[in-house]
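So you can see what is in the structure, the chains are spelled out below.
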Amino acid sequence: MREDEVEALLKIDSAGLRVHKTYAGYEAEIFCPALRIETSLQNSVAFTGFSPHRQGAIANAWQKYQQFMSTEAGRAHLNDHDGQLMFRM
């Protein structure tokens, strides 16, 4: 999936995406995305994935997000925020 597609699907779930570039060692770039979803007014959950390639890092975080959304807590969040399960099937 492209980054803009991931962002659009996250917006449906009232979630967001931010990608940071960091350095591991001398001159080694690593991308670190954070998919963040507010589970309540006081709590949020973040899913991260690291990779030297931006798209790979986003894919890693997206996979963890999808695993969470298949749990009872993830489905409860979708029900609370009128999210959609259709794209997960």
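Everything that follows concerns the structure shown earlier in this document.
A brief report on the enclosed structure follows. Treat the numbers as computed from the prediction; the structure is a model and nothing was measured. Counting starts from 1 at the beginning of each chain's written sequence and moves along it residue by residue. Whole-chain, interface and lining totals are the exception, using all residues; otherwise, since this is a predicted model, local features are given only for residues with pLDDT of at least 70 and side-chain atom pairs are given and counted only at 80 or more. Each side-chain value is worked out from all heavy atoms of the structure, with water and hydrogens disregarded.

1. Concerning helix α1 (residues 3-12)
Okay, step 1: Where α1 is concerned, the buried positions are Glu3, Val6, Leu9 and Leu10. Seen from one end, α1 has its buried residues packed into an arc of 125°, which puts them on one side.
Okay, step 2: In DSSP terms, a helix is any run of H or I states spanning at least four residues, a strand is any run of E spanning at least two, and both are numbered starting from the N terminus. Among the residues trailing α1, Ser14 stands out with phi positive, at a value near 60°. Each residue is placed in one exposure class: buried if its accessible area under a 1.4 Å probe, protein chains only, is under 20% of its type's maximum, exposed if it is over 50%, and partly exposed if it falls in between. The directions from the helix axis to the C-beta atoms form the arc being described.

2. Overview of the packing of aromatic side chains
Okay, step 1: Each pair of aromatic rings taken from Phe, Tyr and Trp, with Trp reduced to its six-membered ring, is defined by centres within 6.5 Å and is described as stacked if the planes are under 30 degrees apart, edge-to-face if over 60, and tilted in the remaining cases. Counted by the stated rule, this structure contains three aromatic pairs.
Okay, step 2: Aromatic side chains Phe47 and Tyr65 sit 5.7 Å apart centroid to centroid with 80° between the ring planes, which places their arrangement in the edge-to-face category. With Phe47 in strand β3 (residues 44-48) and Tyr65 in helix α2 (residues 54-69), this residue pair connects regions lying 18 residues apart in the sequence.
Okay, step 3: Put simply, the rings of Phe47, Trp62, Tyr65 and Phe68 pair up and form one aromatic cluster.

3. Let's talk about the side chain of Ser51
Okay, step 1: In this fold, Ser51 is placed in the loop between β3 and α2.
Okay, step 2: Throughout this description, a polar contact denotes any pair of N or O atoms lying within 3.5 Å of each other; where both atoms belong to protein, one of them has to be capable of donating a hydrogen while the other can accept it, and for residues adjacent in sequence the pair is counted only when both atoms sit in side chains. Engagement of the side chain of Ser51 in a polar contact is seen with the backbone nitrogen of His53, the distance being 3.1 Å.
Okay, step 3: Contacts were defined at the residue level, with two residues in contact if any of their heavy atoms lie within 4.5 Å. Beyond its immediate stretch of four places on either side in the chain, Ser51 contacts Ile30, Phe31, Gly56, Ala57 and Asn60.

4. With respect to the nonpolar core
Taken as a class, soluble globular proteins show a tendency for nonpolar side chains to be buried jointly.
Okay, step 1: The set of buried Ala, Val, Leu, Ile, Met, Phe, Trp, Tyr and Cys residues whose side-chain atoms join them within 4.5 Å is what this entry labels a nonpolar core. Val6, Leu10, Leu17, Leu35, Trp62 and Tyr65 are the most contacted members of the largest nonpolar core, which totals 18 residues.
Okay, step 2: Listed by contribution, the elements that provide at least two residues to this core are α1, β1 (15-23), β2 (29-38) and α2.
Okay, step 3: Setting aside anything within four residues of it in sequence, one finds Leu35 in contact with Val6, Leu10, Gly16, Leu17, Val45, Ala46, Phe47, Ala61, Trp62 and Tyr65.

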